[in-house]
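What follows is the residue order along each chain.
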Amino acid sequence: MSLQEFRLGAPLTRPAFLEGKAVCSRPCLRHLQLGRVSVMAAFFPLPGTPDLPTLRAKLRGLLKFLRDALSISNAHTVDFYTKSVWENLVSLPPDAVLAALRKSAAESEHPPSDARPLVEEARNAGITDFPKIFCETSQKLLNVEAFVLAAKYYSVQNLGICTPFEQLLIALRGNKHQRTGENVKPIEFMNMKKSHEVHAMSELIFSITDYYGINQVIDLGSGKGYLSSFLALKYGLKVYGVDSSNTNTHGAKKRNRKLKKHWKHHTQSRVDVNGLALRMTKERKVKNEIKHKADIEEIYDNNPRNQEMIATSDILTDYSSSVISDLRKQVENQQVQPHEGENLCFENDFSLIDLLPINAIEPASSSQISNREMSEANKGRRKMIPKSNEPSIYSPLTSFITADSELHDIIKDLEDCLMVGLHTCGDLAPNTLRIFTSKSEVKGVCSVGCCYHLLSEEFEDQPKECPQEKWGFPMCSYLKEERWCCGRNARMSACLALERVAVGQGLPTESLFYRAVLQDIIKDCYGITKCDQHIGKIFSKCSSFLDYVRKSLRKLGLDESKLPEKIIMEYYEKYKPRANELEAFNMLKVVLAPCIETLILLDRLCYLKEQEDSAWSTIVKLFDPVTSPRCYAVIALKKQQ
């Protein structure tokens, strides 16, 4: 049986096991003590994913909903009053819309037992015909409750197109189950958000490379190099970080040196503790080898379930409480947190945790081990670590990546690799997928996109001189045949990840209101119907609406002296009673935002499903959306040779 057959889930036969085709890649001390290696994790088959016809059916249902709803996403709040957006798109009073949306938000937080039955029924039965949401003639919104329900149904999470992160990790790593983020502290030089993203994505990337048997990773849009450095230092992978900004590349090199210094200090401290454990183990081995050998063999020969029962307390029984106490203190002081992917290698491949009983890390007495003893332990430790096991550092490179970039020109020692991208901006995310499909060396891809508003759209109005041939959207053949266009405003709303925000909470309604009224002033008083200039973040620096208008006019280069204070305040008083229209409309955009993101992600997944050499592809919710709103990764693997 080939390795490929085994990894794809072929039955595990006894000869295959004896030949060592499914063994623990890092055998622990317990196995080595017995002179045998047991199966820690077989290569499980990858989780099933929806096929292309199923995805296209979901895509058709989503487009049916968006054909009417997209006008809400594409309406710009700057033009809200000048273009009478509410009157043209909504057939309900704003207070009624606000009440319905707030009720829906409250039910989402505290759902009753019979809440949202239509979503469940539609998902189970494949029904996408919701109650009438828009007027057939005017296309105005009629039913807010049905609108919210349809938007929830067509979100990525509810549509049934995601593979659970934990399920994928288990399949990639076998039964060695470990939750991402448990007992993990923020990495130095990173904020909490970046640390969360790097930990989760690096764990997935390492699992894929280990499953596929490759060691090279190309990180596109690597930026400051956090992910690349972590992959190289923690997992020993050979990483090339490619970024278009030379400033980012230069900064990444400097940050690399700091991170390497921090990492060496961190790992050396941990090895000190392990070195002490090694010395104690050798002494203990001499004393108890004859006593325990027969007992151990009897336990393992008679009861296979006891393979995890080499009692760590037995190993340490004859040591004084002061030594145990010192070990406890060292473990706590150095914050020992074992991780299977850590780049620490020993001759016997074990760690202190393999030796200590469960309660050994709890506080105890304050007895100390002498400096001489620690010095001896350090000598042993230095002898144990080969120079080749020094933490590796990734290679930052500067290059502007397109779908047609020749990787061999950028990376001279290119080999079979995994291509990744953490929050790749605009067209870089779809180009990453195109490179995966066109380059034989790229065996897998894991891409988390962002900045949807910067995507190029093939069927959006483009300048005649635009020579572009490969567009950021759409990618799949179905949307190309439909000549589907989202529009920049709709993509901007998807970029904000507003589906993670509780409706009606924390939205910048007043600043949007100021800007919409200002636009009406500019139109009436200066004759400007379209203002391409950006006001910027002036609102936070202003004490009142009058102050906001004055500063904005100056920034736009308009003569503010022709506009008396009285006229400015008349506009404010005119529209203040209609501020609830803008608030309600903004909430409708919040509700609709996840559907736009679903469309973009479905387009990319369908594109991958259309490729002949793409053996497996899916979408994974990789991050906690509260911590990192752009949380979905598009993943694909090629057929193994």
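Refer to the structure presented above.
The structure contained in this document is the topic of the report that follows. (Residues numbered from 1 in each chain as written. Predicted model: local features only at pLDDT ≥ 70, side-chain atom pairs only at ≥ 80, totals over all residues. Heavy atoms only, no water.)

When you go through the protein chain residue by residue, the secondary structure sums to 23 helices and seven strands. In the protein chain, which comprises 641 residues, the share counted as buried stands at 51%. At a minimum sequence separation of 6, the contacts of the protein chain that also span at least 24 residues come to 78%. A total of about 30,900 Å² of accessible surface is found on the protein chain, and carbon and sulfur atoms cover 51% of it. (Helix = DSSP H or I, 4+ residues; strand = E, 2+ residues; numbered from the N terminus. Buried < 20%, exposed > 50% of the residue type's maximum accessible area, 1.4 Å probe, protein only. Contact = heavy atoms within 4.5 Å. Areas by Shrake-Rupley, 256 points an atom, 1.4 Å probe, with all protein chains shown as cover.)

So, about unusual backbone geometry. The amide bond that connects Phe473 to the next residue, Pro474, takes the cis arrangement and shows omega of -5°. Mapped onto the fold, Pro474 is located in the loop between β5 (442-450) and α18 (477-482). Residue Cys451 is not a glycine yet carries a positive backbone phi of 50°. The residue Cys451 is located in the loop between β5 and α18 in this model. Of note, Arg483 is a non-glycine position whose phi angle comes to about 50°, a positive value. As for its position among the elements, Arg483 is in the loop between α18 and α19 (488-495). By relative accessible area, which is 58% here, Arg483 ends up exposed.

Think of it this way: side chains of opposite charge can pair up when their charged atoms draw near. Summed over all chains, the structure comprises 20 salt bridges. Residues Glu610 and Arg56 are paired through a salt bridge, measuring 3.2 Å at the closest nitrogen-oxygen approach. Of the two residues, Glu610 is situated in helix α23 (residues 579-610) and Arg56 in helix α4 (residues 52-74); the sequence distance between them amounts to 554 residues. Here Glu610 falls in the partly exposed class, since its relative accessible area comes to 25%. As a salt-bridge pair, Glu458 and Lys480 come within 2.8 Å of each other at their nearest N and O atoms. Remark: Lys480 occurs in helix α18 and Glu458 occurs in the loop between β5 and α18; sequence separation between them is 22 residues. (Salt bridge = Lys/Arg side-chain N within 4 Å of Asp/Glu carboxyl O.)

Helix α11 (residues 226-235) sits mainly inside the fold: ten of its ten residues count as buried. Of the residues making up α11, those classed as buried are Tyr226, Leu227, Ser228, Ser229, Phe230, Leu231, Ala232, Leu233, Lys234 and Tyr235. Gly236 occupies a position one or two residues after α11 and carries a positive phi of about 70°.

Core analysis: the largest hydrophobic core is formed by 147 residues, its most contacted members being Phe65, Phe147, Met201, Leu204, Phe585 and Leu599. In terms of residues, this core owes the most to one element, α23, which gives 18 residues. Residues contacting Phe65, with those up to four places away along its chain left out, are Ile133, Phe134, Phe147, Ala150, Ala151, Tyr154, Leu592 and Cys595. (Core = buried A, V, L, I, M, F, W, Y, C linked by side-chain atoms within 4.5 Å.)

Next up on the list: the sheet that holds strand β4 (residues 417-425). As a general point, the strands of a sheet are linked pairwise by backbone hydrogen bonds and lie either parallel or antiparallel. Read across the open sheet, the seven strands follow the order β3-β2-β1-β4-β5-β7-β6; overall the sheet is mixed. Edge positions in the sheet fall to β3 (395-398) and β6 (614-621), since each of these pairs with one other strand and no more. When strand polarity is set aside, the average angle formed by the axes of neighbouring strands in this sheet is 15°. Inspection of the sheet shows β5 paired to strand β7 (residues 632-638) by four bridges, in the antiparallel sense. Looking at the pairing, Val445 lines up with Ala636 of β7. (Pairing = 2+ DSSP bridges. Axes fitted to C-alpha atoms, helices over the stretch in contact; angles between N-to-C directions.)

By the secondary structure assignment, Glu203 is in helix α10 (residues 192-212). For Glu203, a relative accessible area of 5% translates into the label buried. Within the local environment of Glu203, its side chain forms a polar contact with the side chain of Arg173, the two groups lying 2.9 Å apart. (Polar contact = N/O pair within 3.5 Å; in protein donor to acceptor, adjacent residues only side chain to side chain.)

Per the stated rule, a full pass over the model turns up 16 aromatic pairs. An aromatic cluster of three or more residues is present, and its members are Phe80, Tyr81, Phe513, Tyr514, Phe539, Phe545, Tyr548, Tyr572, Tyr575 and Phe585. In this structure, Lys576 packs its charged tip against the face of Phe513, placed 5.5 Å from the ring centre. Above the plane of the ring of Phe436 lies Lys638, whose end atom (NZ or CZ) is 5.2 Å from the centre. (Phe/Tyr/Trp six-rings, centres within 6.5 Å; stacked < 30°, edge-to-face > 60°. Lys NZ or Arg CZ within 6 Å of the ring centre and 35° of its normal.)

Glancing now at the environment of Tyr452. Locating Tyr452 in the fold gives a position in the loop between β5 and α18. The buried category is assigned to Tyr452, whose relative accessible area is 2%. Along the chain, Tyr452 and Met492 lie 40 residues apart, while their C-alpha atoms are 6.4 Å from each other. What Tyr452 contacts, discounting residues up to four positions off in sequence, is Arg491, Ala494, Cys495, Glu597, Ile600, Leu601, Arg604 and Arg630. Within the local environment of Tyr452, its side chain forms a polar contact with the side chain of Glu597, the two groups lying 3.2 Å apart.

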